[in-house]
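# Coordinate analysis (summary)
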Amino acid sequence: SDVYKRQVFDQHQRICFPAMNNAEEKISYHARKLLSRRDFFNQAGMAMGGLSLSQLLAADSPTNFSGKSPIRPEISPDDPYAPREPHFEAAAKQVLMIYLPGAISHVDTFDYKPDLIKYHGQKPPGMPAVTFEGPTGNIAKPFWDFKPRGKSGKMVSDLIPNLAEQADDFCFFHSLTTDTSAHPQGENFFNTGFTMEGFPSFGSWVTYALGTANEELPSFVAINDPRGLARSGKNNFGNGFLPAAFQGTDFSAKNPPANLARPSSISPSHDRQAVDLLQRLNAKHLEKYPHDADLAARIASYELAGKMQTSVPDVMNIKGEPDYVLDEYGVSGGSELKGEYAKNCILARRLLEKGVRVVQLFNGSDPSGGNGITNWDSHSDILKTHAMQAEIMDQPTAALINDLKRRGMLDQTLIVWCTEFGRMPFLQANGTGRDHNPETFTSFLAGAGVKPGFSYGKSDDFGFKTAENPVTVYDFNATLLHLMGLDHERLSFYHNGIERRLTHVHGHVVGDVLL
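Treat the numbers as computed from the prediction; the structure is a model and nothing was measured.

## A look at the packing of helix α10 (residues 336-353) against helix α11 (residues 382-406)
Put simply, α10 and α11 touch, their axes get as near as 9 Å, and they point 20 degrees apart. One way to sum up the angle between α10 and α11 is to call them roughly parallel. Considering how the two elements wind past one another, α10 and α11 form a crossing that is right-handed. Touching Leu337, Lys338, Tyr341, Ala342, Cys345, Ala348, Arg349 and Leu352 of α10 are Glu391, Ile392, Met393, Gln395, Pro396, Thr397, Leu400, Asp403 and Leu404, all from α11. Taken together, the residues of the contact of α10 with α11 sort by class into 11 nonpolar, 2 polar and 4 charged.

## So, the nonpolar core
Ranked by size, the top nonpolar core spans 57 residues in total, and within it Leu96, Leu351 and Trp417 carry the most contacts. With residues near it in sequence (within four places) discarded, tryptophan 417 still touches Ile98, Leu100, Ile104, Phe110, Leu163, Met393, Thr397, Thr442, Ser443 and Phe444. If you look at the next biggest cluster of nonpolar residues, it comprises 51 residues, including Ala209, Ala230, Phe441 and Tyr456.

## Topic: the sheet that holds strand β14 (residues 434-437)
The strands making up a sheet associate through backbone hydrogen bonding, with each pair oriented either parallel or antiparallel. In spatial order, the strands read β4-β5-β13-β14; together these 4 strands make up an open sheet with antiparallel pairing. What marks the edges here is a single partner per strand, and that holds for β4 (130-131) and β14. With 3 bridges connecting them, strand β13 (residues 422-428) and β14 associate as antiparallel partners. Bridged to leucine 427 within β14 is arginine 434.

## Notes on the side chain of glutamine 94
Mapped onto the elements, glutamine 94 comes out in strand β3 (residues 94-99). Polar side-chain contacts of glutamine 94 include one of 2.9 Å to the backbone oxygen of leucine 352. There is a polar contact of 2.8 Å between the side chain of glutamine 94 and the backbone oxygen of valine 356.

## Description of the pattern of salt bridges
Pairs may arise between side chains of opposite charge once their charged atoms sit close together. Enumeration according to the criterion identifies 24 salt bridges in this entry. Between arginine 149 and aspartate 158 there is a salt bridge; the shortest N-O distance is 2.7 Å. Classification of arginine 149 by relative accessible area gives buried; the value is 13%. A salt bridge links glutamate 321 to arginine 349; its shortest N-O distance comes to 2.6 Å. Within this pair, whereas glutamate 321 is found in the loop between α8 (293-315) and α9 (323-329), its partner arginine 349 is found in helix α10, the two being separated by 28 residues in sequence. As far as burial versus exposure is concerned, glutamate 321 and arginine 349 are alike and both buried. A single salt-bridge network, built from bridges that share partners, covers Glu321, Glu328, Arg349, Arg350, Glu353, Asp403, Arg406 and Arg407.

## So, the pairing of strand β7 (residues 154-157)
Pairing of strand β6 (residues 146-149) with β7, which is carried by 4 bridges, proceeds in the antiparallel orientation. Pairing of phenylalanine 146 across the sheet is with serine 157, part of β7. Counting the residues in the hairpin turn of β6 and β7 gives 4 residues, including glycine 150, whose phi is positive at 65 degrees.

Cut-off values and rules
- Residues numbered from 1 in each chain as written.
- Predicted model: local features only at pLDDT ≥ 70, side-chain atom pairs only at ≥ 80, totals over all residues.
- Heavy atoms only, no water.
- Axes fitted to C-alpha atoms, helices over the stretch in contact; angles between N-to-C directions.
- Helix = DSSP H or I, 4+ residues; strand = E, 2+ residues; numbered from the N terminus.
- Parallel < 35°, antiparallel > 145°, perpendicular 65-115°, else oblique.
- Left-handed = near helix turned anticlockwise from the far one by under 90°.
- Contact = heavy atoms within 4.5 Å.
- Nonpolar A, V, L, I, M, F, W, Y, C, P; charged D, E, K, R; others polar.
- Core = buried A, V, L, I, M, F, W, Y, C linked by side-chain atoms within 4.5 Å.
- Buried < 20%, exposed > 50% of the residue type's maximum accessible area, 1.4 Å probe, protein only.
- Pairing = 2+ DSSP bridges.
- Polar contact = N/O pair within 3.5 Å; in protein donor to acceptor, adjacent residues only side chain to side chain.
- Salt bridge = Lys/Arg side-chain N within 4 Å of Asp/Glu carboxyl O.

Rendered as structure tokens:
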């Protein structure tokens, strides 16, 4: 048939298109109106007006998915570390997070399972044939004996005898679960709430919300293991999309912050004069760009670095500690690595004494995969490798907790002892190691705001999966924020059109563990 064309005109141009001769080709009334440029711009204008109105209404009374309005702390760019009030009053003012990369075995430390002894060497029904690293072996009893400890009678392994003595002070989570069984993603998830990189760490969220009372030290310090960084590196204490001022400053007793020492060729008076001049120049430069938060953060960072030239040597002067303290922590008398980690533990206490808001202490690194040698990832010879890591971790960590308690610091300090996931109750095919277990694992809290000598949740009879009161990583982090006086559903940062949170869109506070 002939093809007819009809023409549609507006004031400025002509549009030609084939005529629609059957029902399937007919254009609706609303679509036909969009073919007119006048109508198109009219509709678009109305739509943009509606979007603008919705933004204005949201700004007037913003809410997130939980129905609560987000709380974004008011931060002065030229003083980002200034102390800020919590959302509500809480006992904890500071946090010490002791993180064990590699995944320590819960069934060989704090989660006692008699059925592992009963079924040792067998493979009960329901156990998988293959796990993260390959074929599975048989059930294996704990490699160390468990004994009742303290007044609570908590069953704890001989692998960690010093921590075992303090069981009455700990609040255990025995039903933790995570979303991944890979170490990099596991570390990311536990420390930032996301398996992907680029999100703020727990310590960054806390210092973003609360700042710090100390003006001469960083608000958030990460003390890396003497052997190096964990698998996810600085992402474990990074600021992600939060302002740069809230990233963790990493140093250790072995590796102090770089470039703080004054060159011997410059006198103290000349050094002071140079610092004063820089402060005046920076202040004038900032006046030209008052809304440049990155510039203000850089200036604040450099000014803090100047103060650290005197504060850091003082806080790192571990040699000034009494001999009985050095002996209690195990600085000498054990392996060299234990001595270095013990010094890190003393440094952690000294930083907390100075008012540092968040201290993250790492026990384990991952320069070449770990494999139980540099961290807790014991895929083979767990009897040897876990014992080696425990020799480094147990005494210094227990001494640190006891020291904080003795000095009365646990009244306002929350201690978090944690790892990214657990290990399987059965062996791998090699017969000597335990594979990754994301289905259940154990961590504990101590100090401000939590019940001492208390256990929450339960794994099944083999320590294979969570059986009662499962606690997700989101729940765990929501609880930590709550203990610091922060509502995890309201603490947010607007990024790329989304109100971002540490707990994403999940998480519930575990109220049963709170005092």
